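Read off the chains here:
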Protein chains: 2
Amino acid sequence: MKQNDSVSLLVVRRLPRYYRFLTELKKSGIVRISSKELARRMGLTASQIRQDLNCFGGFGQQGYGYNVDQLSDEIERILFLDVSMPAIMIGVGNLGRALSSFLYEAKGIKLIGLFDKNPKHITELNPDLNVMGITKLDEFCAEHKPQIAILCIPSEHAQQMASRLVSLGIKGFWNFSHVDLHLDPSICVENVHLGDSLMTLGFNVHTQLKDVVRGGESTEKTDSNAD
Amino acid sequence: MKQNDSVSLLVVRRLPRYYRFLTELKKSGIVRISSKELARRMGLTASQIRQDLNCFGGFGQQGYGYNVDQLSDEIERILFLDVSMPAIMIGVGNLGRALSSFLYEAKGIKLIGLFDKNPKHITELNPDLNVMGITKLDEFCAEHKPQIAILCIPSEHAQQMASRLVSLGIKGFWNFSHVDLHLDPSICVENVHLGDSLMTLGFNVHTQLKDVVRGGESTEKTDSNAD
DNA sequence: ACAATATTGTCAATTTATTAACGCACATTT
DNA sequence: AAATGTGCGTTAATAAATTGACAATATTGT
């Protein structure tokens, strides 16, 4: 059983996907699954699944496989989805409003405040959203100690706002602004660069129409029958 | 000069970021840059930048570096941003509407149609959007041959809709539904799994906070923003 | 014009990630 | 209860990605 604090980011990024598939299995009433069968469904190798999971502990049983319920719970715990992190949203434009409805259902995070330069305009259109003015930010953070900021503001203000938020105690950013933030290494940044994502897709489609890109977006992988 | 047809997906994913930085440099009036200086600004190694760029050709000059304008143009060409791909959006909810405004400014893609199960309701709220009913989909695709579909529909319909779209000639998906699509390997899928992204951030923030408390002296590698 | 300096493109070394192999424990069958 | 098969956890092998090193070649300054 490996240590918890030296897990590669690539492994961490696969965990939510495992969780998603396990949740589906649970819904289907499947109570046990082998790494081989899960690998087949997810388009991975059984070896990788076992290795990934064993970064956090041995959750399976020889000759049986993994208990879906138990493994799902374990990953939930590993991802801290049982703990609710207080978060604020900065910039409540079209995208921010779309995300807010998503966030109210998300596990592991609780949206406790929304901020915008022009709160009145937004609240008029969406009376259900309680949007505060940016001027209230300092006071709010001092009182409620949000740990995560969801950044949905124009690129030109993103860096300055991010720095300010760090000084107000924010520890992690979900960054939808189209810039890379330059912050202290102790601050976590998860970028959702939609422009980058779209360009990657465009490249792959163009290239696919001509030739195949190594390691491209194929949804399936050939599975080894080695174990 | 290496071949164009065996480039790793990791390299491809870095190209849009290079492009973003070069565009900024251009705006600042900087006309030349060395791999060393660009690496410093982007938080990468100079070696990686040179290696990445040389997958597509030698754009630099010894003793001089790279011409910003020229390199920017080259990457634009590599990413096919000079070609406009026709795209349609399926599902025009909150997120879809947010993306549509973003898309009308994006290079390399042209949104030529929006579809929803309930087009009237949306068009009433947003008279500027011409949203069609899903029933018009077949006819529209036959006539206008869209190549990319932006999928913003509930998870439970995503797989079925994606398969249908493939049969209508769609070659690539920008998938915002919270499921992994199972399609022919020749079809490109770029997933934007917001839930997964958020869970990754949560994990990293939690882990960072624990490590700090435990006095961990390791320099973190939470995301590609290290400098 | 020529030396000194800068910086690329490429190849080699290193590091990281993935896949395969295998022994052992457990489940299942007879 | 013994025999057989399954499938995990782990270690080893392979593959991929990143970083380092350096010859080649341009630029810059005198």
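The rules behind these values
Along each chain, numbering runs from 1 in the same order as the chain's sequence is written. Just so you know, chain letters begin at A and ligand numbers begin at 1, following the order they were written in. This being a predicted model, a pLDDT of at least 70 is required before a residue's local features are given, and a value of 80 or more before pairs of side-chain atoms are given or counted; all residues contribute to the totals for chains, interfaces and linings. Every axis in this analysis is a line fitted to C-alpha atoms, fitted for helices over the stretch in contact. Angles between the N-to-C directions lie between 0 and 180 degrees. The numbering of helices and of strands both runs from the N terminus, where a helix is a DSSP run of H or I of at least 4 residues and a strand a run of E of at least 2. Should the near helix be turned counterclockwise from the far one by less than a right angle, the crossing is left-handed, whereas a clockwise turn marks it as right-handed. With C-beta atoms placed from the backbone, a contact is any residue pair whose C-beta atoms sit within 7 Å. By the convention adopted, Pro, Cys, Tyr, Trp, Phe, Met, Ile, Leu, Val and Ala count as nonpolar, Lys, Arg, Asp and Glu as charged, and the other residues, Gly among them, as polar. Throughout this description, a residue near a molecule or strand is one whose C-beta atom, derived from the backbone, lies within 6 Å of it. For every residue, the pLDDT score states the predictor's confidence, bounded by 0 at the bottom and 100 at the top. In this description, a nonpolar core means buried residues of the types Ala, Val, Leu, Ile, Met, Phe, Trp, Tyr and Cys, linked to one another by C-beta atoms lying within 7 Å. Residue burial here comes from a neighbour count, namely the number of other C-beta atoms, placed from the backbone, that lie within 10 Å of the residue's own C-beta, with 20 or more meaning buried, 12 or fewer meaning exposed, and in between meaning partly exposed. Where each domain starts and ends comes from a domain assignment, either automatic or drawn from a database. A pair of strands counts as paired when DSSP detects no fewer than two bridges linking them. By definition in this entry, angles of less than 35 degrees are roughly parallel, angles greater than 145 are roughly antiparallel, angles of 65 to 115 are roughly perpendicular, and the rest are oblique.

A. The packing of helix α1 (residues 9–27) of chain B against helix α4 (residues 68–78) of chain B, seen in detail. All names here are of chain B. Where α1 meets α4, the axes come as close as 9 Å, and the angle between the chain directions of the two elements is 145°. Of the two elements, α1 crosses α4, and the hand of that crossing is left-handed. Contacts between α1 and α4 involve Leu15, Tyr18, Tyr19, Leu22, Thr23, Leu25 and Lys26 from the former and Val68, Asp69, Leu71, Ser72, Ile75, Glu76 and Ile78 from the latter. Among the residues making up the contact of α1 with α4, the classes are represented as 9 nonpolar, 2 polar and 3 charged.

B. Representation of the protein's contact with DNA strand D. Surveying the vicinity of DNA strand D reveals 32 residues, the closest of which are Gly58, Gly60 and Gly63 of chain A together with Gln62 and Gly63 of chain B. Where the surface near DNA strand D is concerned, the elements lending two or more residues are α2 (35–42), α3 (46–53), β2 (60–61) and β3 (65–67) of chain A together with α3 (46–53) of chain B. The element best represented in the surface near DNA strand D is α3 of chain A, accounting for 5 residues.

C. Layout of the confidence of the model for chain A. This prediction gives chain A a mean pLDDT of 90; 90% of its residues lie at or above 70. Scored below 50 in pLDDT, residues 215–227 of chain A makes 25 contacts in the model with residues more than four places away or belonging to other chains.

D. Local environment of the nonpolar core. With 112 residues, the main nonpolar core has Leu151 of chain A together with Leu151 of chain B as its most contacted residues. Counting residues per element, this core draws most heavily on α1 of chain B, which supplies 6 residues.

E. Representation of the domain arrangement of chain A. Splitting chain A by domain gives domain 1 (4–78) and domain 2 (85–192). One C-alpha centre belongs to domain 1 of chain A, the other to domain 2 of chain A; they are set 32 Å apart.

F. Structural view of the pairing of strand β9 (residues 188–191) of chain A. Residue and element names in this part refer to chain A. By the alternation rule, side chains of β9 split into Cys188 and Glu190 and Val189 and Asn191, which are all buried. With 4 bridges joining them, strand β8 (residues 172–175) and β9 adopt parallel strand pairing. Residue Trp174 lies in a different strand from β9, and its bridge partner there is Glu190.

G. Molecular detail of the packing of helix α9 (residues 194–210) of chain A against α1 of chain B. Between α9 of chain A and α1 of chain B, whose axes approach to 9 Å, the crossing angle comes to 130°. Between α9 of chain A and α1 of chain B, the interaxial angle falls into the category oblique. Between α9 of chain A and α1 of chain B lies a crossing of right-handed hand. Between α9 of chain A, through Gly195, Asp196, Met199, Thr200 and Phe203 of chain A, and α1 of chain B, the contact on the second element is made entirely by Val12, Arg13, Pro16 and Arg17 of chain B. Considered class by class, the residues forming the contact of α9 of chain A with α1 of chain B number 4 nonpolar, 2 polar and 3 charged.

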